[in-house]
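Spelled out, the chains give:
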Amino acid sequence: MANVELVTAEDLQLMQELAQRVTATRPDLVNSDASYGELAWNWGKGYASIGGSWRRRLWFDGGDLVAWGWAQLPHQVRRNDGSVRDVKGAYLAYQVHPDHAGLVDAVIDWYDATAAGLERTVLPGAADEYGLKRWAAHGYETDTEALGDAGSWTQLNERDLTDVEKPVLPDGFRFRTADEAGPEAAVQAHVDAWAPTAYTAESYDGVRQTAAYRGDLHVLVEAPDGTMASSTIMWLDEVNKTVEFEPVGTHPGYRRLGLGRAMLLHGMQLAREAGANHATVACLGAPAHVRARELYYGVGFRELSRDAPLIKTAK
């Protein structure tokens, strides 16, 4: 059984449930943008502004979702500095349960039909040998630009939470949660860290509407002058007792002070108190993108999986 619509909040929860089932047995096969937290973050921040360019298809076995595709078609991204970025190609986020691996061909056929005439990109996992063969059979090739020294491919990192170092902040700084600091401060913390960005108060409203969001697991670091200098959202998967950090960012004026390190350690302690025994965080994996990777390695994370970016040029 399959159907086609825009991506709804109900779809998001079904996709997250599939992510939980795949995480329980083959976490290395959870595709980029298909993890429990990444799904909530991407849907929440983008639904109001670019959700009209999204298309999805769901495949069920009985009552269980076993595969899905989420195509992001051409759209415009308007950022807070007044710039506009035209996204002219198509991108696919997807997941297929390993027990139903053969459905990847149906996902590919649907994507090719949905994005016909466009350049198409996709990020299957490097560990998915069967899936990679099927994408190649449909004419998809390695995206050499994405895999370059300054490329955009990502890796997922993990660590357990059995022994978490005590966080140390510089004098005058303190930890806050979004519940304590309020929506305006939470939005500004993200905008400051990621400018120029399309993130707005409306984006944050969408994030908060997802069932997975918890304001007490949305951590900020407040500077002595009241600036929210660093922030991260933690997404708690209670089924697998794992927490995902997404996003993680620090205001440019407050970097290299150890705030990110302290915030991650504090977040891991909060996650452990909430019932998690495992944590993940993604980062760009190419050689030129070393800062985030070094930050995460410095607090005990190690690579679990990585993307194998593919592309199919428009004809």
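In the annotation of an unreviewed UniProt entry, the chain is listed under the name GNAT superfamily N-acetyltransferase and assigned to Kutzneria kofuensis.

## So, empty space enclosed by the protein
Counted according to the given criterion, the structure contains one cavity of 30 Å³ or more. Here the largest cavity defines a volume of roughly 50 Å³. Lining the largest cavity, in full, are W41, A186, H190, Y199, H218, S231, T232, I233 and P247. Listing elements by their share of the lining of the largest cavity, those giving two or more residues are α6 (183–194) and β12 (228–237). Its residues placed into classes, the lining of the largest cavity shows five nonpolar, four polar and no charged.

## Section: the packing of helix α1 (residues 9–25) against helix α2 (residues 36–50)
Close contact between α1 and α2 brings their axes to 8 Å; oriented N to C, the two are set at 160°. As summarised for this structure, α1 and α2 are arranged roughly antiparallel, according to the angle between their axes. As for the relative orientation of α1 and α2, their crossing is right-handed in sense. Residues A9, L12, M15, Q16, A19 and Q20 of α1 form the contact with α2, whose participating residues are Y36, L39, A40 and W43. Of the residues contributing to the contact of α1 with α2, the split by class is eight nonpolar, two polar and no charged.

## Considering the pairing of strand β13 (residues 242–250)
Burial of β13 is extensive: nine of the nine residues sit out of reach of the surface. When β12 meets β13, the two strands line up antiparallel, connected through seven bridges. For S231, the partnering residue across the bridge sits in β13 and is G249. In this structure, the hairpin formed by β12 and β13 is closed by a connection of four residues, where K241 is found at a positive phi of approximately 55°. Relative to strand β14 (residues 278–284), β13 runs parallel, the two sharing four bridges. Counted as the bridge partner of E244 is T280 from β14. Handedness of the β-α-β unit built from β13, helix α8 (residues 259–273) and β14 comes out right-handed.

## So, the sheet that holds strand β15 (residues 302–306)
Backbone hydrogen bonds are what pair the strands of a sheet, in a parallel or an antiparallel way. The seven strands lie next to each other as β10-β11-β12-β13-β14-β9-β15, forming an open sheet whose pairing is mixed. The outermost strands of the open sheet, each flanked by one partner alone, are β10 (174–177) and β15. On average, each strand axis in the sheet is inclined to that of its neighbour by 30°, with strand direction left out of account.

## A short note on α8
Between its first and last C-alpha atoms α8 spans 21 Å; for 15 residues at 1.5 Å apiece the expected length is 21 Å, and the two agree. Among the residues making up α8, those that are buried are L259, G260, A262, M263, L264, L265, H266, G267, M268, L270 and A271. Tucked inside the fold, the buried residues of α8 contact β9 (154–160), β10, β11 (218–222), β12, β13 and α9 (291–298). Phi turns positive, to about 110°, at G275, one or two residues after α8.

Here is what the cut-offs are and how they apply
Throughout, residues of each chain are indexed from 1 in the direction in which the sequence is written. Given that this is a predicted model, residues contribute local features only at a pLDDT of at least 70 and side-chain atom pairs are listed and counted only at 80 or more, while totals for whole chains, interfaces and linings are drawn from all residues. Water and hydrogen atoms play no part in the side-chain values, which are based on all heavy atoms of the structure. Cavities and pockets are defined on a 1 Å grid built over the protein atoms alone: a cavity is a set of grid points where a 1.4 Å probe fits but cannot escape, while a pocket is an open set with protein on both sides within 12 Å along at least five of seven lines, and lining residues are those with an atom within 4 Å of any such point. Grid points are joined across faces, edges and corners, and a volume is the space filled by probe spheres set on the points. Secondary structure counts use DSSP, requiring at least four H or I residues in a row for a helix and at least two E residues in a row for a strand, with both numbered from the N terminus. Nonpolar residues are Ala, Val, Leu, Ile, Met, Phe, Trp, Tyr, Cys and Pro. Charged residues are Asp, Glu, Lys and Arg, and all others, Gly as well, are polar. Orientation is described by axes fitted as lines to C-alpha atoms, over the contacting stretch for helices, and by angles from 0 to 180 degrees between their N-to-C directions. Roughly parallel means an angle under 35 degrees; roughly antiparallel means over 145; roughly perpendicular covers 65 to 115; every other angle is labelled oblique. Two helices crossing with the near one rotated counterclockwise from the far one by less than a right angle form a left-handed crossing, whereas a clockwise rotation gives a right-handed crossing. For this analysis, residues touch if any pair of their heavy atoms sits within 4.5 Å. Here the term buried applies to any residue with accessible area under 20% of the maximum for its type, exposed to any over 50%, and partly exposed to those in between, with areas from a 1.4 Å probe on protein chains only. By definition, two strands form a pair when at least two bridges between them are found by DSSP. Handedness of a crossover: with both strands directed away from the viewer, a clockwise path from the first strand across the helix to the second marks it as right-handed. Here, expected helix span is obtained from the residue count minus one, scaled by 1.5 Å.

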